[in-house]
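# Chains, contacts and geometry: an overview
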Amino acid sequence: MSEESESAGELPEYAERVLEVAELIPPGRVMTYGDVAEWLEEGGPRQVGRVMALYGGAVPWWRVVRADGQLLPGSELRALGHYREESTPLREASRAAEGHLPRLDMKRARWDGRTRTEAHN
DNA sequence: AGCGTGACGAGTA
DNA sequence: ATACTCGCCACGC
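For clarity, every value in this text was computed on a predicted model and none was experimentally measured.

There is a patch of like negative charges on the surface, built from E10, E13, E16, E20 and E23. Note on placement: E10 falls in the segment before α1 (13-24). Relative accessible area serves as the criterion here: at 53%, E10 is assigned to the exposed category.

Structural data, given as structure tokens:
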């Protein structure tokens, strides 16, 4: 018998790969959806986004972010808490407007997948 | 089979 | 800085 559908409890292979990458991202660093897709050499940012939306709860989802550094809408405060806890480079809003949360400093926080787990300061 | 939608990205105005 | 467009690909109606 040919099983084409996934058994309950098992994830699609692509999803599993995406989650695996998410778990590799060191604390204090982030990867964009596009970076993950590029690294997997499969799918695109939207596909990665879909996986994170569906199954991201099982991994450090806050380390997979948008390329523009915007915090995840709906979970901004939760994400921000993690970033402060991990000392992830943030870019504070110049105009201190309440309700205007900081964004990620992508230049410093972006992780290219190369071993460097240190030296970012 | 077409069309809209989405935890996206880059380019342009 | 924001707003809008287009490209991308999987899903659902």
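Next up on the list: the protein's contact with DNA strand B. Neighbouring DNA strand B are 13 residues; Y33, R46, A53, R66 and A67 lie closest to it. Protein-adjacent atoms of DNA strand B, using a 4 Å cutoff, are sugar or phosphate at a proportion of 41%. Within the contact set of DNA strand B, a base nitrogen lies 2.9 Å away from a side-chain nitrogen or oxygen of Y33. Only α2 (33-40) and α3 (45-55) provide two or more residues apiece to the surface near DNA strand B. Counting residues per element, the surface near DNA strand B draws most heavily on α3, which supplies six residues. In the surface near DNA strand B, the residues fall into seven nonpolar, four polar and two charged.

Our next topic: the protein's contact with DNA strand C. Taken together, R46, Q47, R50 and R103 make up all the residues around DNA strand C. Sugar and phosphate atoms form 67% of the subset of DNA strand C atoms that lie within 4 Å of the protein. With respect to DNA strand C, the side chain of Q47 contributes an N or O atom lying 2.7 Å from a base oxygen. Measuring from a phosphate oxygen of DNA strand C, one finds a side-chain N or O atom of R103 at 3.3 Å. No other element matches α3, which puts three residues into the surface near DNA strand C.

We now examine the packing of aromatic side chains. For the coordinates displayed, the defined rule picks out one aromatic pair. On the basis of an interplanar angle of 90° and a centroid distance of 5.5 Å, the ring pair of W61 and W62 is categorised as edge-to-face. Assessed through its relative accessible area of 12%, W62 is described here as buried.

The next point concerns the nonpolar core. Within the largest apolar cluster, 30 residues are counted, with the highest numbers of intra-cluster contacts made by V18, V36, V48, M52, Y83 and L104. Going through the elements one at a time, α1, α2, α3, β2 (64-65), α4 (76-86) and α5 (106-109) are the ones with two or more residues in this core. No other element matches the six residues that α1 contributes to this core. With near-sequence residues (within four places) excluded, V36 lies in contact with V18, V21, M31, V48 and V64.

Structurally, the α-helix is built with 3.6 residues per turn, so residues lying three or four positions apart point the same way. Regarding α4, the residues found buried are A79, L80, Y83 and E86. Summarising the axial view, the buried residues of α4 lie within an arc of 135°, below the 170-degree limit, and thus occupy one face. Along α4, exposed side chains directed more than 90 degrees from the buried face belong to L77, R78 and E85. In this structure, the buried residues of α4 make contact with β2, β3 (90-91) and β4 (103-104). Looking at the residues trailing α4, positive phi occurs at S87, about 60°.

Reading guide: rules and limits
- Residues numbered from 1 in each chain as written.
- Chains lettered and ligands numbered in written order.
- Predicted model: local features only at pLDDT ≥ 70, side-chain atom pairs only at ≥ 80, totals over all residues.
- Heavy atoms only, no water.
- Patch = residues over 30% accessible without salt bridge, like charges linked within 9 Å, V, L, I, M, F, W, Y side chains within 5 Å.
- Areas by Shrake-Rupley, 256 points an atom, 1.4 Å probe, with all protein chains shown as cover.
- Salt bridge = Lys/Arg side-chain N within 4 Å of Asp/Glu carboxyl O.
- Lys, Arg positive; Asp, Glu negative; His and termini not counted.
- Charge placed at Lys NZ, Arg CZ, Asp CG, Glu CD.
- Helix = DSSP H or I, 4+ residues; strand = E, 2+ residues; numbered from the N terminus.
- Buried < 20%, exposed > 50% of the residue type's maximum accessible area, 1.4 Å probe, protein only.
- Near = heavy atom within 4 Å.
- Polar contact = N/O pair within 3.5 Å; in protein donor to acceptor, adjacent residues only side chain to side chain.
- Nonpolar A, V, L, I, M, F, W, Y, C, P; charged D, E, K, R; others polar.
- Phe/Tyr/Trp six-rings, centres within 6.5 Å; stacked < 30°, edge-to-face > 60°.
- Core = buried A, V, L, I, M, F, W, Y, C linked by side-chain atoms within 4.5 Å.
- Contact = heavy atoms within 4.5 Å.
- Arc of directions from axis to C-beta.

Scope: geometric values only; no functional claims are made or implied.
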